[in-house]
Every structure is written in structure tokens, then in C-alpha cells.
Amino acid sequence: MKLSIDDMHKAFESRVRLGIMSALAVNEELDFSSLKEYLDVTDGNLATHLKKLETENFIDVEKSFVDNKPNTRYSMTDEGKEAFDNHLKVLEQIIKSQRNNHDK
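Residues numbered from 1 in each chain as written. Predicted model: local features only at pLDDT ≥ 70, side-chain atom pairs only at ≥ 80, totals over all residues. Heavy atoms only, no water.

Focus: the side chain of Thr77
Then step 1. Note that Thr77 resides in the loop between strand S3 (69–76) and helix H4 (78–103).
Then step 2. At a separation of 2.9 Å, a polar atom in the side chain of Thr77 contacts the main-chain amide nitrogen of Gly80.
Then step 3. Excluding anything up to four places from it in sequence, Thr77 contacts Asn57, Phe58, Ile59 and Asp60. (Helix = DSSP H or I, 4+ residues; strand = E, 2+ residues; numbered from the N terminus. Polar contact = N/O pair within 3.5 Å; in protein donor to acceptor, adjacent residues only side chain to side chain. Contact = heavy atoms within 4.5 Å.)

Written as C-alpha cells, this is what we have:
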């Protein structure tokens, strides 16, 4: 099966969104502050990318209060996990095909 960059999901073209999904792939959930620190981005930049992933139904958002302060937590949805896994598989296949072409 031939795969190309056209098979990758557009939602993951941004390094910030790729970082968010990578972080959520290895953590059941993360709050806004943790993601901001991990990715070293501004509040506005992170909020924009989180909204895009939420619109795609790739992440769930849970808002609550901790010590009377708002706390927003994010987790990956099943749909998000499937899309991210497929995106990574396409990347792996592209790398493997290039290695095979290089080895010939």
C-alpha cells in the first residue's frame, strides 16, 4: 500500500497540536497549565490549538474549580486516539518506504 503525506491528518500539521496529542497520548489527562509548560507556548496560542482539536472531537474538555480557581483538564477521545494513531502509522510507513528506497 502506497502512503503519502496526503494520508496524514491536517489537524496534526501544527507542531503545537502534534505536541498536545503526543502529551495526551502518554497522560490520561492534563490541565491547561501543564500543557502550557510542557509545550512552552503562550496562553492564546495553546487555547487556539486546543479549540481546534476540540472542534475535531479529538480531545475532551472538563472544566472545574480547584481551591476556588478554574481548572480545565484535557483528555484524548477515542476518535482522537484513532486519528493520531493513524497519523503516526502513515509517518512510520513513509519513513520505512524511504529507508527501503535508500537501501536499494
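On we go.
Some remarks on the pattern of salt bridges
Then step 1. Counted by the stated rule, this structure contains seven salt bridges.
Then step 2. For Arg73, the salt bridge is made with Asp31, and the minimal N-O distance between the two is 3.9 Å. Linking Arg73 in strand S3 with Asp31 in strand S1 (residues 30–31), this pair joins segments that are 42 residues apart in sequence.
Then step 3. Since its relative accessible area comes to 16%, Asp31 is described here as buried. (Salt bridge = Lys/Arg side-chain N within 4 Å of Asp/Glu carboxyl O. Buried < 20%, exposed > 50% of the residue type's maximum accessible area, 1.4 Å probe, protein only.)

Observations regarding the sheet that holds S3
Then step 1. Taken together, three strands build an open sheet; the order of strands is S1-S3-S2 and the sheet is antiparallel. The sheet terminates laterally at S1 and strand S2 (59–66), the two strands that pair on one side only.
Then step 2. Here eight bridges tie S2 to S3, and the two strands are oriented antiparallel to one another. For Val66, the partnering residue across the bridge sits in S3 and is Lys69. (Pairing = 2+ DSSP bridges.)

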